[in-house]
Amino acid sequence: MKVGVVVFPGSNCDRDMYHVLSDVFHFDTQYFWHDKGLPKNIDAIILPGGFSYGDRLRAGVIAAHSPIISDVQKLAEKGIPVLGVCNGFQILVESGLLPGVLLKNESLNFMCEWTELIVENNKTPFTNKLKLNQKIPIPIANGEGRYYADDDTLKKLKKNNQIVFRYSDVVNGSANRIAGVCNEDGNVVGMMPHPERAVESEINPIDSKPSSLIFESLLVQMGAKN
Amino acid sequence: MSLEPQELDELKSKIGRVPTSTELEIVAAQWSEHCSYKSSKMHLKMLPMTGPLVINEKGYDSGVLDVGGGYVVTAHIESHNHPSAVEPYGGAATGVGGVVRDILSAGTRPIAIFDGLRFGNIEKDKQARWLFKNAVKGIADYGNCLGIPTIGGEVEFDDCYQNYALVDVACVGFGRKDKLIKNHAKKGDVVVLLGGSTGRDGIGGSQFASDSLESEDRSAVQIPDPFIEKLIIEAILEARTQKLIHAMKDLGGGGLSCAVSEIADTLDIGIEMDVNKVHTRENDMHPNEIMVSESQERMLIVTSKVKLKKLQKICEKFRIGCSVIGSVTFDNKVHVKKGNKTFANLSADIIANATLLDLPSKKPSYLKTITHEKKLKPITDYSKMMMKFLSAPNIASKIWVYSQYDHEVGIRTVVKPGGDASVLRLDNGKFLSVKIDGNPKQCYINPREGAIGCFEEACRNVVCTGAKPVGMLDHLQFGSPKDPEIFWTFLESLKGLTDFAKDFGIPCIGGKVSLYNETPAGSIKPTPLIGVLGLIDKKPLVPQKIIDGDCLVIVGDTKDELGGSEYFEYIHKFIGGNCPTVNFKESKKNMNAVLDIISKQIIKSAHDCSKGGLAVAVSELCMTSNIGCNVSLDMVPGEKLSFDRILFSESHSRYLLTVEKKNISKLEKILKKYKVSFKNIGEFGGEKIRFNHNNTSVINLRVDKAHKTWINSLRDLVLHG
Amino acid sequence: MATFDVHVTIENKPGISDPEGETILNDLVLRGLHKSVTKIKTAKMLKFTITEKDKKTAHSKVQKICDDLRIYNPMVSIVTVDVFDA
Amino acid sequence: MATFDVHVTIENKPGISDPEGETILNDLVLRGLHKSVTKIKTAKMLKFTITEKDKKTAHSKVQKICDDLRIYNPMVSIVTVDVFDA
Ligand SMILES: Nc1ncnc2c1ncn2[C@@H]1O[C@H](COP(=O)(O)OP(=O)(O)O)[C@@H](O)[C@H]1O
Ligand SMILES: [Mg+2]
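Rules used in this analysis
Position labels on residues start from 1 in each chain and follow its written sequence. Labels follow written order: the first chain is A, the first ligand is 1, and so on. The predicted origin of the model limits local features to residues at a pLDDT of at least 70 and limits the giving and counting of side-chain atom pairs to 80 or more, whereas totals for whole chains, interfaces and linings rest on all residues. In computing side-chain values, all of the structure's heavy atoms are included and hydrogens and water are not. Numbering of helices and strands runs from the N terminus; a helix is a DSSP stretch of H or I covering at least four residues, while a strand is a stretch of E covering at least two. Buried residues are those whose accessible area, probed at 1.4 Å on protein chains only, stays under 20% of the maximum for their type, while exposed residues exceed 50% and partly exposed ones sit between those limits. Residues count as neighbours in contact if any of their non-hydrogen atoms are within 4.5 Å of one another. Areas reported here follow the Shrake-Rupley algorithm with a probe of radius 1.4 Å; residue values treat only the protein chains shown as occluding. Each helix should span, by expectation, one fewer than its residue count multiplied by 1.5 Å. Any pair of nitrogen or oxygen atoms within 3.5 Å is treated as a polar contact; in protein, a donor-acceptor pairing is required on top of that, and neighbouring residues in sequence qualify only through side-chain atoms on both sides. Strand pairing requires that DSSP identify at least two bridges connecting the strands. An axis is simply a line fitted to the C-alpha atoms; with a helix, the fit covers only the stretch in contact. Between two such axes, the angle follows the N-to-C directions and lies from 0 to 180 degrees. As a working definition, buried area equals the accessible area (1.4 Å probe) given up by two parts on being put together, with both sides summed. Gly falls in the polar group here, along with every residue not listed as nonpolar (Ala, Val, Leu, Ile, Met, Phe, Trp, Tyr, Cys, Pro) or charged (Asp, Glu, Lys, Arg). Counted as donors are N, O and S atoms no farther than 2.8 Å from the metal, or 3.2 Å for Na, K and Ca; water is not among the atoms, and sites may therefore look incomplete. The patches reported here contain residues having more than 30% relative accessible area and no salt bridge. Joining distances are 9 Å for like charges and 5 Å for nonpolar side chains (Val, Leu, Ile, Met, Phe, Trp, Tyr). What counts as a salt bridge is simple: a side-chain nitrogen of Lys or Arg found within 4 Å of a carboxyl oxygen of Asp or Glu. We treat Lys and Arg as the positive residues and Asp and Glu as the negative residues; His and chain ends play no part in the count. Here the site of a charge means NZ on Lys, CZ on Arg, CG on Asp, or CD on Glu.

Draft legend 1. A look at the overall build of chain A. Counting secondary structure elements, chain A contains five helices and 11 strands. A total of 226 residues make up chain A; the buried ones form 66% of that total. Residue pairs at least 24 apart in sequence account for 75% of intrachain contacts in chain A once pairs closer than 6 positions are excluded. As presented, chain A carries roughly 7900 Å² of accessible surface, and 47% of it is formed by carbon and sulfur atoms.

In structure tokens, the structure reads:
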């Protein structure tokens, strides 16, 4: 069971994600540099958060044009689970793998704080161990995290059950308080908050269990497959 | 940018000829105050720099501590005051970049940033607001992009910084001891310039930092490029792991001139270099410009020809510039050529070692009367005053600042910003606690005791997390050293710090001096800034939520020490009075007692009592736990004082401990054993913050209202003035 | 072949909020200054220097770059391309 | 009184580097093989809608607002103000 962590020039949560996957949940984890391809036998792909290319022009847009993204696209179409966290989410929307866009926060500032998520879809590879409406204390850290989509898209998201997480409170002006969405098939998930920062109780001042279930869901998903 | 006449004569006599224009530029950059420490160096030697954990190796720009298990922590502090005063965004950002590269130079990964910020009166002055807002954004944009958490700092406003800014940045690194760069060079080694291209930006920067603002050369602005810096970090750490680096130095003030001459001087080698090989941003740069340009995000590396290939490969992967600009020689000369033509050829030792000055000093006359107190205006409603006080820029929560900083990235942050010191977990199972503190208001009234106070406060803050202080960083910021009165305050502060460091066995592991901090209205107040690093072997104290029935215990005496207090200055508009002083014996006793209590895990939290005094410290506890408290001021140990003095005195060595009732006797037993003065002064509960004196209530606030004011006022000030 | 300056202006589609513009405007309004300003919109500009055989080609080339490389996000932004002789 | 569109363009002074433009050029446009582009500079634009008695007043009013609110730092940036009929 191989999990790939994609690294772009300037990525900065890649090592955190790697640590959590490999040392906390014991996935067979490997880094993949942006200009290489991905092996066909990979079981899940994670696009970590942070920045890429200094987030110039718009967060995620330059990375979305990296060679590796076409492989991510192909594998995603085959149903391989893909998770984009923060910058990874931004890359997924900029490359068209997920609907919507992420705009500057309403405060116009970078925001780093602990928030609370509500689980809206527990059928994805990353949420199958969570309960519907379960609350997850989790930190955000972004400048462009305000989810936006036009009305038609929002309707479609709702109809297809593509909203995966919402914030409990109004945090940054996101449409319908959306914090994470998935594609129509449900195997590609993007979320702005950082689960990798919340799974170890040492650094989680509130409760690390709910975030852990995100990674345990992936374990279940991959176990089911194998 | 020029040498003083006697310095020119000296240079001529040392080299026995007339220097070339390039040589003049190089020497002027290196002999500037910023690079040579010529006014301060002979005095800085008094600080204790060694200790059981300190690793002293040549050529490091940062201090190194052995934290056990084969790991080291590195730390350094820098300021970017002059550039930030004219371009706060870029100045603050490039300040972060510079100190991060110092940490990288030792071969360690930067894991945390701290920022100490000072501006004029943001309530009245929109220039101060503009400087503040943009400096914070500059630090945020740079640190966040690098993925290094900014986990602590401080912000202070004072009229003495009108139209000016102090932007101090400290960085902490972490790595394996066996991967530290052991600076050395072998015959035939090459010299490589790695990173961003060299442009005309920042020319004259180090002289700029050494002059007062009036004579500034405004071409010194630098544009930050955190993306390149991030690529440099990863490239260099990869090169370090592959052991491709013999010696390394970051390019800071003085650009190539300083980096080349300092590395040559430290390693006792010569360097022959060709400016044509430097990758430049513009085509027509003169050798002089190339040598002194302070373009950011560049590193100088010495490596062998064989390792060079691998290094170039890494640079290709990260798409960063990598120019072989010269080679190592053994004549100890810095030889700068353009093609075949020589532009400079000087002894590294001459360039790198300016003649040190022993400047005269004289006790400032204002100090004669500063302790005389004026008669204070009576206050009719202390509750109302307290609400105003909680919204004062120096007292209000700094959440508007640190919430813009990614303080979680790196997944090490155990105790987050917002309390006292912040705590990081290390890979060897230990924890590192760090805080920086300054207090120019007290340092102005008493430069010696004020500086000691900053040091003790930073210690107190790390002690509150359960950490034993193991190292100190000092950043000494003063006005013009040529003014004997100012130089006296510099020396006094330094002596104070030295005494404290020696007495407490806390070595100074790094520091920086920034002089000529002059505003149009005169010199800044003495502003030493002290960073303290503490180590926790087992478990840090992470503050727990306070609930109904928990008790409040104060450790340490409250004395008639309101000089430089926020109460005198903000409420009574009075600068003067008795500066708080630290009694070393008491201080140590209190520290040891608190550390012992924390290690026994019998308290819920420990908070230090500092700016704003007991009144503010208790309110902070209440507001962050959203709970009221009843405090009896008559119980507070110390001198017999009027209640406002008990509330607002800023005496040092005081800690507030919160404890469950069931543990109170255990706690008291330990405190008695240590013979510290302490009292159980209150109980938490309800929704009011209440201070009582002789059975009458003197302050009575609703905690939710107080919290709202305290948490929002800084943001509201910045956004709406 | 000739060199052209091509200005690409990226701005929000009508109907998409522009918090930055609003903040600057509010700042003015709050301070009771400059009542004659009724609206402020922010935009981002990229100035390309490009060598092509004529203005028209320069224009279509840059337009294509903007579309293909998503220099603007079509869900929220519109882009205007103006060509000038360098 | 008439209504004007006033465009304020803020960009780095010549000679001051523009890392964002460089990244867009090197990592996006040139990698996308659009080799005829030789340079990209970024700028920020504010579009004011303002009602004043004439073009000249509109111009000077907007210039003053930008200076007062410190919309740009003259140390680093230059600002161009263009007035159009709305
Ligand atoms: N400029 C800043 N950057 C990051 N954190 C800050 C900054 N200013 C204050 N903080 C954080 O806010 C908290 C309170 O700071 P401060 O008032 O200086 O504490 P103390 O009075 O205990 O020294 C600390 O956790 C500190 O690290
Ligand atoms: Mg404190």
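Draft legend 2. Up close: helix 7 (residues 126-146) of chain B. All names here are of chain B. With 21 residues, helix 7 extends 30 Å between its outermost C-alpha atoms, agreeing within 8% with the 30 Å of an ideal straight helix rising 1.5 Å per residue. Among the 21 residues that make up helix 7, 17 are buried, leaving the element largely enclosed by the rest of the structure. Where helix 7 starts, the residue carrying a side-chain oxygen 2.9 Å from the main-chain nitrogen of Q127 turns out to be D125. Of the residues flanking the end of helix 7, it is G147, one or two places downstream, whose phi is positive at about 75°.

Draft legend 3. Highlighting the sheet that holds strand 2 (residues 71-79) of chain B. All names here are of chain B. Strand order in the open sheet formed by five strands is 1-2-5-3-4, and the pairing between neighbours is mixed. Both outer strands of the open sheet, strand 1 (63-68) and strand 4 (150-157), are each paired with one neighbouring strand and no more. Averaged over all pairs of adjacent strands, the angle between strand axes in this sheet comes to 15°, irrespective of strand direction. Bridging between strand 2 and strand 5 (residues 165-176) involves nine bridges; their strand directions are antiparallel. Residue pairing across strands places H76 opposite C171, the latter belonging to strand 5. Across the face of the sheet, helix 6 (residues 88-105) comes into contact with strand 2, strand 3 (109-119) and strand 5 while running at roughly 30° to strand 5.

Draft legend 4. Representation of the interface of chain C and chain D. Across the contact, 29 residues belong to chain C and 29 residues belong to chain D. The contact between chain C and chain D buries some 2600 Å² in all, and 60% of this surface belongs to carbon and sulfur atoms. Taken together, the elements giving at least two residues each to the side of chain C that touches chain D come down to strand 1 (2-12), helix 1 (19-30), strand 2 (37-52) and helix 2 (55-68) of chain C. Of the residues that constitute the side of chain C that touches chain D, the class distribution is 12 nonpolar, seven polar and 10 charged.

Draft legend 5. Geometry of the coordination of the magnesium ion (ligand 2). Residues and elements named next belong to chain B. Summarising the metal site, the magnesium ion (ligand 2) is bound by the protein donors D420 (OD), N461 (OD1) and D608 (OD), whose distances to it range over 2.2 Å. Site description for the magnesium ion (ligand 2): donor spacing in sequence, D-x40-N-x146-D. Of this pair, D420 sits in the loop between strand 13 (413-415) and strand 14 (422-425) while D608 sits in strand 22 (residues 605-608), and the two are 188 residues apart along the sequence. Take D420: its relative accessible area is 12%, and that puts it in the buried class. Taking the relative accessible area as the measure of exposure, D608 reaches 3% and is therefore buried.

Draft legend 6. Fine view of a positive patch on the surface. Residues and elements named next belong to chain B. Taken together, K124, K374, K377, K388 and K573 make up a surface patch of like positive charges. Along the chain, the position of K377 falls in the loop between helix 13 (348-352) and helix 14 (382-390). By relative accessible area, K377 is classed as exposed at 64%.

Draft legend 7. Examining the pairing of strand 20 (residues 527-536) of chain B more closely. Residues and elements named next belong to chain B. Of all 10 residues making up strand 20, 10 are buried, and the element is well covered by its neighbours. By the alternation rule, side chains of strand 20 split into T527, L529, G531, L533 and L535 and P528, I530, V532, G534 and I536, which are all buried. Bridge count between strand 15 (residues 431-438) and strand 20: eight bridges; the pairing is antiparallel. Bridging from a neighbouring strand, L432 pairs with L535 of strand 20.

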